[in-house]
Amino acid sequence: MPGINIILAYFLDIILGDPQWFPHPVRVIGFFIRRLENFLRRYILNLKIAGVILAVLVIGLTYLLVWGIIKASYQLNPFLGTVLEVFFIYTAIAIKDLKVHTMRVYCRLKDNDLVQARNFLSQVVGRDTGNLDEKEVARAAVETVGENFVDGILSPLFYVFIGGAPLALAYKAISTLDSMVGYKNERYIDFGRASARLDDLANYIPARLSVLFLSLGSWMCGQ
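Asks: Sorry, what's going on with the pattern of salt bridges here?
Replies: Oppositely charged side chains can form a pair if their charged atoms are brought close together. Taken as a whole and judged by the stated rule, the model has six salt bridges. The partner of Glu37 in a salt bridge is Arg34, with the nearest N and O atoms 2.5 Å apart. Within this pair, Glu37 and its partner Arg34 are both found in helix α2 (residues 25-43), separated by three residues, close to a single helical turn. Accessibility expressed as a relative area gives 0% for Glu37, which makes it buried. A relative accessible area of 32% places Arg34 in the partly exposed class. Between Glu37 and Arg41 there is a salt bridge whose closest N-O contact spans 3.0 Å. One end of the pair is Glu37 and the other is Arg41, both in helix α2 and four residues apart, which spans about a single turn. Via salt bridges that share partners, Arg34, Glu37, Arg41 and Arg187 belong to a single interconnected network.

Asks: Could you clarify how one ought to interpret the packing of helix α5 (residues 96-110) against helix α7 (residues 134-181) in this entry?
Replies: Helix-helix packing: each pair is described by the crossing angle between the helix axes and the interaxial distance. Between α5 and α7, whose axes approach to 10 Å, the crossing angle comes to 170°. When the axis of α5 is compared with that of α7, the two are roughly antiparallel. On α7, the residues that touch Leu98, Thr102, Val105 and Leu109 of α5 are Glu134, Val137, Ala138, Ala141, Thr144, Val145, Asn148, Phe149 and Ile153.

The rules behind each value
- Residues numbered from 1 in each chain as written.
- Predicted model: local features only at pLDDT ≥ 70, side-chain atom pairs only at ≥ 80, totals over all residues.
- Heavy atoms only, no water.
- Salt bridge = Lys/Arg side-chain N within 4 Å of Asp/Glu carboxyl O.
- Helix = DSSP H or I, 4+ residues; strand = E, 2+ residues; numbered from the N terminus.
- Buried < 20%, exposed > 50% of the residue type's maximum accessible area, 1.4 Å probe, protein only.
- Axes fitted to C-alpha atoms, helices over the stretch in contact; angles between N-to-C directions.
- Parallel < 35°, antiparallel > 145°, perpendicular 65-115°, else oblique.
- Contact = heavy atoms within 4.5 Å.

Structure representation (structure tokens):
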């Protein structure tokens, strides 16, 4: 894949981010996961097996669909193929949104508006933020940046370089599966096991690379 496509997608996300009105592929993947989950729970009694089938179908179909669309578009018109390839890479990364959401928390803390800082933090973390003090809010925001740097930036780019847009979207399917069913509660402890394990595996190398990149970035910022 031409590196220019990755660069274009990268800067496209920095400029546009993820508009709420936009029919993002991850939202489509999430819709499919929910419908397929209901179907599998109804017809497969062994929840571990049902969870494996869910993961295989969602990840496999995502990869094949993106690969097929890009392949067909290049055959129709090389320019169309390039546009769609850039589009899919753009949807796999989330740079601007991470900055926007976390800077809102930072600015409210800077203005000593703890209530609003908690409110903005609750939009990017899954835990209850209502009783967090200033240091806890700041720590949670930093932890969110570190985690989402891997999930939303480094891992997608890692898989783009390895296998192009189809593999990057397949990774997003894994990440979406983990965020929707990868919980250790009564409902998902068995059903979401395969998705959670795949997410750990998919992020294994990028998470370790993130230590290098975050340390380098901190050094460059004089921290």
